[in-house]
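What the coordinates show
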Amino acid sequence: MKAIRRFTVRPVLPEPLRPLSDLARNLRWSWHAETRDLFQAVDPERWAASEGDPVRLLGSVPPARLAELAGDRRFLRRLTAVADDLGDYVTGDRWYQTRPQSAELPAAVAYFSPEFGITAALPQYSGGLGILAGDHLKSASDLGVPLIGVGLLYRHGYFRQTLSRDGWQQEHYPVLDPNELPVALLKEADGTPAHVSLALPGGRLLRARIWLAQVGRVPLLMLDSDVEENDVGERGVTDRLYGGGSEHRLLQEMLLGIGGVRAVRTYCRLTGHPEPEVFHTNEGHAGFLGLERIAELVAAGLDFDAALEAVRAGTVFTTHTPVPAGIDRFDRELVAHHFGADAELPGIGVEHILRLGMETYPGGEPNLFNMAVMGLRLAQRANGVSLLHGNVSREMFSGLWPGFDPDEVPITSVTNGVHAPTWVAPEVVRLGARQLGDRRTEEALTVGGPERWDAVASVADEEIWELRRGLREQLVLEVRERLRASWRQRGAGTAELGWIDGALDPDVLTIGFARRVPSYKRLTLMLRDRDRLMDLLTHPDHPIQIVVAGKAHPADDGGKRLVQELVRFADDPRVRQRLVFLPDYGMAMAQKLLPGCDIWLNNPLRPLEACGTSGMKAALNGGLNLSVLDGWWDEWFQPDFGWAIPTADGAGTDPDRRDDIEAAALYDLLEQRVTPRFYERGRTGLPDRWIEMVRQTLTLLGPKVLAGRMVREYVERLYTPAAHAHRSMTPDTARELSVWKGRVRAAWHGVSVDHVETATVTATAELGTTLALRVRVRLGDLAPDDVEVQAVSGRVDPEDRITDAATVPLKPISGPDLEGHWTYEGPLSLDRTGPYGYTVRILPTHRLLASGAELGLVVVPAEGAVTGAGVLMR
């Protein structure tokens, strides 16, 4: 019989156990071993049944057990110690508070993301973007960075994955009851739930409650539209992560951005938390947050252009996609329908909003509203998530800065990292603690720094090998359990499953491959030559075994076919004990899978992996990487850490041929280098060369891949400069800058470089020579204070393009003459040998610009304007 109404009955904890509730509601337990151990001690069997979720655990413990614990002095001492430790953690000074320039750091930073992967107990993530966002919050908490996270609370989260008998992916959407999650409603002073609302066309409202998840020191605000005051359609806005059609996605992103800013204001009003000085837009989904902040300033008396400058100063935008297809784009009419006089943000003209997102640049589609483009136009600072991805992003978005070479496009890079306390196995932590002590181990995992990892170099080979073998054995047991559950779900009977007891072997080289399943990640590349793969899996002396997991997007039938192809191969009795596919990949599985793999495999189409952090998590557990040189691996690969799969990404290689070449390279590496290294034994009977690679991975790669390093870079390179710019951008200053930009744009057509000459007209010069440059320019209605005239020089390629350019500002010495010309001069030092060239250009300049390319305006010499150029040095 089905219930007509569902509600949650919470346990009443005895007074001595009340701190358990606070510990359960702060998600620090998800990365703090002592807190998890305490909850396990409450009731080990129910802890296992709750899948390590303290809220579910406390809801299932019988009153008699609670009463017993309330009188257990040993347990209460443990409870007091863990509760006091949490109190010290959330109130004490950490890295951020001890910086020498702490007064200059942002008072607070608001971090917006469509998904957050904090813990499996709060399933609000689909893949890498969400896990990265969760690691960002957790590391900010560990470092004491005053971050406020902002997202949505999806009632179905992302889907749960099962397999049909023939291996086809099936999706299930369990309903999540917020009252059963580690979240609490944000409430007004009178105890009523706090709300935000958005105006919709036709006089309707989209209302949302604000749920608060406490992530250590960091509050995470999550908006939920499933409230009784909404109509049916509006209640479903936050139903599924990345679900629905264009209008559904647009409403989700309006709620995240616009509603999210309103939620932040509400939270700060109710709690006294400092207002954010910096707003960090994690991918374009949250881009509308800039519009809401502009609307706030317009309501306070600024005009749109001045408000735009004020908002841009304090905004950071991070792009995570290396392909245009990965960006949300909406028809301009749909966007226009949801803004304006009878909808949201009536104080801003629709034309202003559209202008921010339209692809009005060469190669764009001018009828589409691009969320990443809006994010870039609304942020003074932007970054990709690895060095290679920064290069790809500058190329991809170069149309927004016409006239500039891609390497001058103002998009930098901060390479992603992973939160070590979440992803490092307890056994690895204990090994570190024996070498460093508990406190220094915590510092090594959170703050980082090579000096804190050097102690790993002194760990004995036997200890490292025993650690890795133990983690592999745990993985084997976990895989067998999950494999048995999967086959039963597929309809297999007990009599069919005897083979599972022999699936995988704790002494066999184990390779892991787990991620989302878009086509570019090439789940089935390993199947290109099935005979070679089968030989590798079943080799009599040095076999391999592979554990695979991953979800295809529900709408991606091509991805589902890849999953099915892999599953059907894994079902073959000849290989099923050496290659397994585990459905429903998520955080809980990853925390078991990553530490137990000897090799982490990654074979995307280069350069389509923006960063890819799963291999980082493997490395922190002593796993070696076998990967295409893409994302972070392109940046930090060394032969000490693993192997690089050669790529065939040159022009003219068709996709099938490319896959064949790269698969063959993968097989060659496994046959000739990887498996021999694992199975060869030194004088002590151990694989000493393999162990040394594990040691080098931990000591040299470990500090680099930490999210603590990543968050420190954001603070120092992006958040702090953005906070300074925000403080400088007073209303009067914002008006000044917007007026100046308008004046420069209107007058730019009158700016030109009319003549450039040097003191030499020869085709060669000697190293160390200094040339005197004289340039005649026309500034039209602008003055020398409005522009910078630069000499740009460097080596030139065969097409005379300047590479590795250096710029030198030239100084005005006279002007304007009767024809309106100004004369500029300056020295040009020839400091490099080889083919060398220079040019001259004019850029707008202002003290409040973050980059000379910010306006996208540049003037270079016209044909025939240069004499004595094209210097060649030998």
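The shown structure was predicted, so the numbers you read here are calculated from the model rather than taken from an experiment.

A separate point is the environment of Pro646. For Pro646, the position within the fold is in the loop between strand S20 (642-645) and helix H25 (655-679). Residues Pro646 and Ile661 lie 15 residues apart in sequence; the distance between their C-alpha atoms is 8.7 Å. In this structure, Pro646 is in contact with Glu662, Ala665 and Leu669, ignoring residues within four places of it in sequence.

As a further point, take the packing of helix H10 (residues 289-299) against helix H11 (residues 304-313). At their nearest, the axes of H10 and H11 sit 9 Å apart, and the two run at 125° to each other. When the axis of H10 is compared with that of H11, the two are oblique. For the pair H10 and H11, the sense of crossing is right-handed. For the pair H10 and H11, the contacting residues are Gly290, Arg293, Ile294, Leu297 and Val298 in the first and Phe304, Ala307, Leu308, Ala310 and Val311 in the second.

Picture the strands of a sheet paired through backbone hydrogen bonds; they go either parallel or antiparallel. In spatial order, the strands read S17-S16-S15-S18-S19-S20; together these six strands make up an open sheet with parallel pairing. The open sheet has two edge strands, strand S17 (579-582) and S20, and neither has a second partner. The mean inter-strand angle of the sheet, taken between neighbouring strand axes irrespective of direction, is 20°. Examined bridge by bridge, strand S15 (residues 509-514) and strand S16 (residues 544-549) share six bridges and lie parallel to one another.

Our focus in this paragraph is the pattern of salt bridges. Applying the stated rule across the entire model yields 63 salt bridges. Asp598 is the partner of Arg468 in a salt bridge, and the nearest nitrogen-oxygen pair spans 3.8 Å. One end of the pair, Arg468, is in helix H19 (residues 461-489); the other, Asp598, is in the loop between helix H22 (587-596) and strand S18 (599-602), and 130 residues separate them in sequence. In this structure, Glu854 and Lys741 form a salt bridge, with 3.0 Å as the shortest nitrogen-oxygen distance. Here Glu854 is found in the loop between strand S28 (834-844) and strand S29 (866-867), whereas its partner Lys741 is found in helix H28 (residues 731-747), with 113 residues between them in sequence. Pair check on accessibility: Glu854 and Lys741 agree, each one buried. A single network of salt bridges, built from pairs that share partners, joins Arg155, Arg209, Asp224, Asp226 and Arg235.

Formed by 106 residues in total, the largest nonpolar core has its most connected members in Met526 and Trp690. Not counting chain neighbours up to four residues away, the residues in contact with Trp690 comprise Trp465, Leu509, Asp598, Ile599, Leu624, Trp643, Val674, Arg677 and Phe678. In terms of nonpolar packing, the next biggest core, distinct from the first, is built from 98 residues, Leu250, Leu251, Leu334 and Leu810 among them.

Right, let's talk about the pairing of strand S10 (residues 315-318) for a bit. The alternating pattern of S10 places Thr315 and Phe317 on one face and Val316 and Thr318 on the opposite face, and all of these are buried. Of the pairings in the sheet, the one linking strand S9 (residues 278-282) to S10 comprises four bridges and is parallel in character. Across the sheet, residue Thr281 finds its bridge partner in S10, namely Phe317. Summarising the sheet, S10 and strand S13 (residues 381-384) pair through three bridges and their orientation is parallel. What sits directly across from Val316, in S13, is Arg381.

With that settled, consider the pairing of strand S25 (residues 802-809). Here strand S24 (residues 787-796) runs beside S25; their pairing, made up of six bridges, is antiparallel. Of the residues in S25, the one forming a bridge with Ser793 is Ala806. Hairpin connection, S24 to S25: the antiparallel pair is bridged by five residues, and Asp800 has positive phi, about 65°.

Axis separation between helix H7 (residues 128-143) and helix H27 (residues 707-728) bottoms out at 9 Å; the angle between their running directions is 80°. In terms of axis orientation, H7 runs roughly perpendicular to H27. Side by side, H7 and H27 meet where Leu132, Asp135, His136, Ser139, Ala140 and Leu143 of the first sit next to Ala707, Gly708, Met710, Val711, Arg712, Tyr714 and Tyr719 of the second. Per-class residue counts for the contact of H7 with H27 are eight nonpolar, three polar and two charged.

Here a ring pair, both rings aromatic, is described through the centre-centre distance and the interplanar angle of the planes. In this structure the tally under the stated criterion is 17 aromatic pairs. A centroid spacing of 5.2 Å and a plane angle of 70° characterise the contact between Trp632 and Trp633, whose relative ring orientation is edge-to-face. Ring geometry for Phe678 versus Trp690: centroids 5.1 Å apart, planes at 85°, classification edge-to-face. Pair noted here: Phe678 is in helix H25 and Trp690 is in helix H26 (residues 688-701), with a separation of twelve residues, a long-range link. Look at Phe678 and you get buried, because its relative accessible area is 1%. Following the ring pairs from residue to residue traces out a cluster consisting of Trp465, Trp643, Phe678, Tyr679 and Trp690.

Let us look at the environment of Val840. As for its position among the elements, Val840 is in strand S28. The spatial distance from the C-alpha of Val840 to the C-alpha of Leu773 is 9.5 Å, given a sequence separation of 67 residues. With residues near it in sequence (within four places) discarded, Val840 still touches Val756, Val775, Val789, Gln790, Val859, Val860 and Pro861.

For the rest of this paragraph, the subject is a positive patch on the surface. A contiguous patch of positive charge on the surface is contributed by Arg73, Arg74, Arg77 and Arg78. Structurally, Arg73 can be placed in helix H6 (residues 73-91). Residue Arg73 is classed as exposed on the basis of its relative accessible area, which comes to 68%.

Rules of the game
Residues numbered from 1 in each chain as written. Predicted model: local features only at pLDDT ≥ 70, side-chain atom pairs only at ≥ 80, totals over all residues. Heavy atoms only, no water. Helix = DSSP H or I, 4+ residues; strand = E, 2+ residues; numbered from the N terminus. Contact = heavy atoms within 4.5 Å. Axes fitted to C-alpha atoms, helices over the stretch in contact; angles between N-to-C directions. Parallel < 35°, antiparallel > 145°, perpendicular 65-115°, else oblique. Left-handed = near helix turned anticlockwise from the far one by under 90°. Pairing = 2+ DSSP bridges. Salt bridge = Lys/Arg side-chain N within 4 Å of Asp/Glu carboxyl O. Buried < 20%, exposed > 50% of the residue type's maximum accessible area, 1.4 Å probe, protein only. Core = buried A, V, L, I, M, F, W, Y, C linked by side-chain atoms within 4.5 Å. Nonpolar A, V, L, I, M, F, W, Y, C, P; charged D, E, K, R; others polar. Phe/Tyr/Trp six-rings, centres within 6.5 Å; stacked < 30°, edge-to-face > 60°. Patch = residues over 30% accessible without salt bridge, like charges linked within 9 Å, V, L, I, M, F, W, Y side chains within 5 Å. Areas by Shrake-Rupley, 256 points an atom, 1.4 Å probe, with all protein chains shown as cover. Lys, Arg positive; Asp, Glu negative; His and termini not counted. Charge placed at Lys NZ, Arg CZ, Asp CG, Glu CD.

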